[in-house]
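So you can see what is in the structure, the chains are spelled out below.
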Amino acid sequence: MSYNHQGIKAYQSIDKQSDKQEEDPYKVIAILMKNALESINIAKITMAQKQIEEKGRFISLAITLIDGLKASLDIDKGGEIAENLNGLYDYMMARLVEANLKNDLDMLDEVSELLTTVKEGWDGIEDFANNQQED
């Protein structure tokens, strides 16, 4: 099975999962982050295999997903943290564009590491919020 088909199947699976979930904002953001990380990973594979069209498609998808994360920020309520995330998301998107142009795996790794760190923090917030609701 090619990576193109694996990627499509992964997103179809995630779409089905998200259809089953309630409109939980924590889950929606977590899904965006997970999908962006998966897109970057597939872009790395296709870049290494010199599949230029596929690489570009998955980098573009990652940019779109990160832009969705950026659009979900509430700067008024989130204050400095939201402002910092806004800048970080801009940086990630710029690095993805540059990685695409330069075929640079290290830049993809950098964005993946940054987004993984943000996701770990987000997952912690979700766990905390869920525990507060149970109390």
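Remember, it's a predicted structure, so these values are computed and weren't measured experimentally.

Cut-off values and rules
- Residues numbered from 1 in each chain as written.
- Predicted model: local features only at pLDDT ≥ 70, side-chain atom pairs only at ≥ 80, totals over all residues.
- Heavy atoms only, no water.
- Buried < 20%, exposed > 50% of the residue type's maximum accessible area, 1.4 Å probe, protein only.
- Axes fitted to C-alpha atoms, helices over the stretch in contact; angles between N-to-C directions.
- Helix = DSSP H or I, 4+ residues; strand = E, 2+ residues; numbered from the N terminus.
- Parallel < 35°, antiparallel > 145°, perpendicular 65-115°, else oblique.
- Left-handed = near helix turned anticlockwise from the far one by under 90°.
- Contact = heavy atoms within 4.5 Å.
- Nonpolar A, V, L, I, M, F, W, Y, C, P; charged D, E, K, R; others polar.
- Salt bridge = Lys/Arg side-chain N within 4 Å of Asp/Glu carboxyl O.

## Quick notes on unusual backbone geometry
- Although it is not a glycine, Lys50 adopts a positive phi angle of roughly 60°.
- Phi at Asn103 takes a positive value of approximately 50°, unusual for a residue other than glycine.
- Given a relative accessible area of 38%, Asn103 falls into the partly exposed group.

## Considering the packing of helix α2 (residues 25–48) against helix α3 (residues 52–71)
- Packing of α2 against α3 brings their axes to within 8 Å, and their N-to-C directions diverge by 160°. One element, α2, and the other, α3, form an angle in the roughly antiparallel class. Read as a crossing pair, α2 and α3 show a hand that is left-handed. Side by side, α2 and α3 meet where Ile29, Leu32, Met33, Asn35, Ala36, Ser39, Ile40, Ile42, Ala43, Thr46 and Met47 of the first sit next to Glu54, Lys55, Phe58, Ile59, Leu61, Ala62, Leu65, Ile66, Gly68 and Leu69 of the second.
- Residues that form the contact of α2 with α3 fall into these classes: 15 nonpolar, four polar and two charged.

## As for the pattern of salt bridges
- Taken as a whole and assessed by the stated rule, the structure comprises eight salt bridges.
- For Lys44, the salt bridge identified is with Asp109, shortest N-O distance 2.6 Å. With Lys44 in helix α2 and Asp109 in helix α5 (residues 105–134), this residue pair connects regions lying 65 residues apart in the sequence.
- Residue Asp109 is classed as partly exposed on the basis of its relative accessible area, which comes to 25%.
- By sharing partners, the salt bridges in this structure join Arg95, Glu98, Lys102 and Glu110 into a single network.

By themselves, these figures tell us nothing about what the structure is for.
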